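Chain and residue survey
Chain by chain, the residues:
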Amino acid sequence: MTVEEFFEEVITVKMTHERDAIDIIDQTLLPGTIKRITLKTREEIWEAIKKLRVRGAPAIGVTAAYAMALLASKYEAEDFEAFYGKFSEDKDYLASSRPTAVNLFWALDRMDRTAKDNKNKLINELKDILFAEAQKIRDEDVQISRNIGEIGFGILKDLKKDGQTIGIETHCNAGTLATAKYGTATAPMYIALEHGWKGSDMHVYCDETRPLLQGSRLTAFELMRSGIETTVQCDNMASILQKSGKIDVIFVGCDRVARNGDAANKIGTSGLAIIAKHYGIPFYVCAPSSTIDAGTATGAEIPIEMRDGEEITDMWYSEPMAPKGVETFNPAFDVTDHDLITGIITEKGLCQAPYEEAFKQLGII
Ligand code: MRU
């Protein structure tokens with residue numbers, strides 16, 4: 001299978017042709033089952049985001065944008081005021097699905113602005129404008145991750161010695177399944193293939209990513225299907241792996257970046273960065289500029305989603321693997337301090353410390 005064929009096979013989220021439902025690949029069933037499902041009601045969309053059927057910051061943003069267009073298309077409203085009352089209510093409802101990835105709020109706000117900017121249009125025209133805006137958000141995401149990939153590919157080229165297979169570690173899934181096409185952390189690898197590298201020019205070590213296993217279930221699935229050499233290891237194997245000299249560079253995604261460069265990503269990312277600093281391995285965060293939150297000064301302000309402890313004790317086991325009733329601690333994200341990050345790759349350019357100035361220089365904040 002070519003990479004393009006693979007991208008077609010796993011389109012993360014799209015609007016149905018009839019514009020009557022959102023069509024997603026159900027990521028909770030991967031890697032064993034490739035099954036698409038359709039979401040029609042706001043409750044179905046909320047549940048799909050909450051349960052991680054669709055997940056990854058940019059994909060959540062695209063889903064939220066499509067959701068607002070879809071839900072708005074069904075409003076029976078005579079005037080903008082009545083229309084906007086329903087719109088605000090649906091927006092607030094979807095915003096309550098997951099707290100950490102800023103793209104959710106960013107996409108909802110962008111749809112909200114579009115609605116307000118077009119309040120003088122006929123309601124039917126406004127509905128079409130919202131569909132067009134959601135599609136634009138999706139199409140822009142493809143270009144954004146492509147740009148991130150080109151910059152990341154430049155880093156790979158600089159690190160690769162002749163004839164050597166470059167070792168890359170990644171965490172969770174910041175791949176095509178988390179975006180509209182190339183992923184963010186995986187974009188440098190997919191772009192490398194587009195530039196003629198072979199799958200064997202890179203060897204990607206995917207952290208399994210407890211407790212929801214996005215690294216082994218999703219990233220390893222993606223990369224293997226694209227023909228890139230792939231290994232899966234448990235999260236607690238990161239230090240022996242990095243000490244072994246097999247890793248040349250680390251690319252991770254992110255859910256929200258504060259103005260000072262502190263970056264929230266899947267739980268376990270900050271530990272990886274601490275180990276990488278110890279072993280002198282470059283650690284890059286791949287971040288669409290929509291993930292950089294001008295309203296958040298430092299990582300301490302980023303809300304961290306806490307999830308059901310059952311994901312730790314029971315979820316993947318035929319019988320519980322912790323004593324019944326034990327207390328659990330299950331934060332879904334952690335924050336990597338900016339001084340552990342070699343650079344933040346955005347679609348507008350590579351940012352390095354001091355981050356706030358770098359973001360300003362690129363017009364991101
Ligand atoms: O809980 P998830 O699976 O939505 O977490 C996803 C991540 O942490 C990703 O690394 C992040 O959203 C970036 S996706 C390009």
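Keep in mind that what you see is a predicted model, and the values were worked out from it rather than measured.

1. What to know about the sheet that holds strand 2 (residues 22-25)
- Taken together, three strands build an open sheet; the order of strands is 1-2-3 and the sheet is antiparallel. In this open sheet, the two strands that pair with only one neighbour each are strand 1 (13-15) and strand 3 (36-39). Neighbouring strand axes in the sheet, compared pairwise and without regard to direction, differ in orientation by 25° on average.
- Packed onto the sheet, helix 2 (residues 42-50) meets strand 2 and strand 3 and runs at close to 135° relative to strand 3.

2. A look at the domain arrangement of the chain
- Examined at the domain level, the chain breaks down into domain 1 (3-140) and domain 2 (149-361).
- Using C-alpha coordinates to define each centre, domain 1 is positioned 25 Å away from domain 2.
- When domain 1 packs against domain 2, close to 2700 Å² is buried across both sides, 58% of that on carbon and sulfur atoms.
- Connecting domain 1 to domain 2 are three salt bridges.
- Along the contact surface separating domain 1 from domain 2 lie 18 residue pairs in polar contact (both at pLDDT 80 or more).

3. A word on the sheet that holds strand 10 (residues 283-286)
- The strand order across the open sheet built from seven strands is 6-5-4-7-10-12-13, with neighbouring strands paired in mixed fashion. Sheet topology places strand 6 (229-233) and strand 13 (349-351) at the edges, where each strand pairs with a single neighbour. Direction aside, the axes of adjacent strands within the sheet are offset by 25° on average.
- Where strand 12 (residues 343-346) lies against strand 13, three bridges are found, and the strand directions are antiparallel.

4. Considering a nonpolar patch on the surface
- Taken together, the side chains of M315, W316, Y317 and M321 define a hydrophobic patch exposed on the protein surface, amounting to about 390 Å² of accessible area.
- Along the chain, the position of Y317 falls in the loop between helix 11 (310-313) and strand 11 (333-336).
- Take Y317: its relative accessible area is 33%, and that puts it in the partly exposed class.

5. A look at the packing of aromatic side chains
- Counted by the stated rule, this structure contains 13 aromatic pairs.
- Considering the side-chain rings of Y75 and F83, the 5.2 Å spacing of their centres and the 70° angle between planes classify their relative orientation as edge-to-face. As far as burial versus exposure is concerned, Y75 and F83 are alike and both buried.
- Put simply, the rings of F6, F7, Y182, Y190 and F221 touch in pairs and so form one group of aromatic residues.
- Above the plane of the ring of Y93 lies R42, whose end atom (NZ or CZ) is 4.1 Å from the centre.
- Between the NZ or CZ atom of K160 and the centre of the ring of W197, over which it lies, the distance is 5.3 Å.

6. A look at helix 5 (residues 102-117)
- The terminal C-alpha atoms of helix 5 lie 22 Å apart, and with 16 residues this matches the ideal 22 Å at 1.5 Å per residue to within 8%.
- When helix 5 is considered as a whole, its buried residues turn out to be V102, N103, L104, A107, L108, R110, M111, D112, T114 and A115.
- Check the buried side of helix 5 and you find it contacts helix 3 (57-73), helix 4 (80-95), helix 6 (123-159) and strand 8 (256-257).

7. Focus: the pattern of salt bridges
- Tallied over the full model, the rule gives 25 salt bridges.
- In this structure, R225 and E9 form a salt bridge, with 2.8 Å as the shortest nitrogen-oxygen distance. Of this pair, R225 sits in helix 8 (residues 214-225) while E9 sits in helix 1 (residues 3-9), placing them 216 residues apart in sequence.
- Residue classification places E9 among the partly exposed residues on the basis of a relative accessible area of 25%.
- With its nearest N and O atoms 3.5 Å apart, the salt bridge here joins E356 to K360. One end of the pair is E356 and the other is K360, both in helix 12 (residues 355-361) and four residues apart, which spans about a single turn.

Rules behind the numbers
- Residue indices begin from 1 for each chain and proceed along its sequence in written order.
- In view of the model being predicted, local features appear only for residues whose pLDDT reaches at least 70, and side-chain atom pairs are presented and counted only at 80 or more, with totals across whole chains, interfaces and linings using the full set of residues.
- Where side-chain values are given, they derive from all heavy atoms of the structure, hydrogens and water being excluded.
- One bridge is not enough; two strands pair if DSSP finds at least two bridges between them.
- Under the scheme used here, helices are H or I runs from DSSP no shorter than 4 residues and strands are E runs no shorter than 2 residues, and both carry numbers assigned from the N terminus.
- Axis geometry follows a simple rule: fit a line to the C-alpha atoms, using only the stretch in contact for helices, then measure angles between N-to-C directions, giving values from 0 to 180 degrees.
- Here, two residues are considered to be in contact whenever any of their heavy atoms come within 4.5 Å of each other.
- What fixes the domain bounds is an automatic or database domain assignment.
- Here the quantity called buried area is the total loss of accessible area, with a 1.4 Å probe, experienced by two parts when brought into contact, counted for both.
- By salt bridge we mean one thing: a side-chain nitrogen of Lys or Arg within 4 Å of a carboxyl oxygen of Asp or Glu.
- N or O atoms within 3.5 Å of each other form a polar contact, as long as, within protein, one can give a hydrogen and the other can take it, and as long as residues adjacent in sequence are counted only when both atoms are side-chain atoms.
- Residues enter a patch when their relative accessible area is above 30% and they make no salt bridge; the linking distance is 9 Å between like charges and 5 Å between nonpolar side chains (Val, Leu, Ile, Met, Phe, Trp, Tyr).
- All accessible-area figures derive from a Shrake-Rupley calculation using a 1.4 Å probe, and residue coverage is judged against the displayed protein chains alone.
- Three labels apply to residues, based on accessible area from a 1.4 Å probe with only protein chains included: buried if under 20% of the type maximum, exposed if over 50%, partly exposed otherwise in between.
- When two rings of Phe, Tyr or Trp (its six-membered ring) have centres within 6.5 Å they constitute a pair, described as stacked for plane angles under 30 degrees, edge-to-face for angles over 60, and tilted for the intermediate range.
- Comment: the charge-over-ring label is applied if NZ (Lys) or CZ (Arg) is within 6 Å of the ring centre and within 35 degrees of the ring normal.
- Take the number of residues in a helix, subtract one, and multiply by 1.5 Å to get its expected span.

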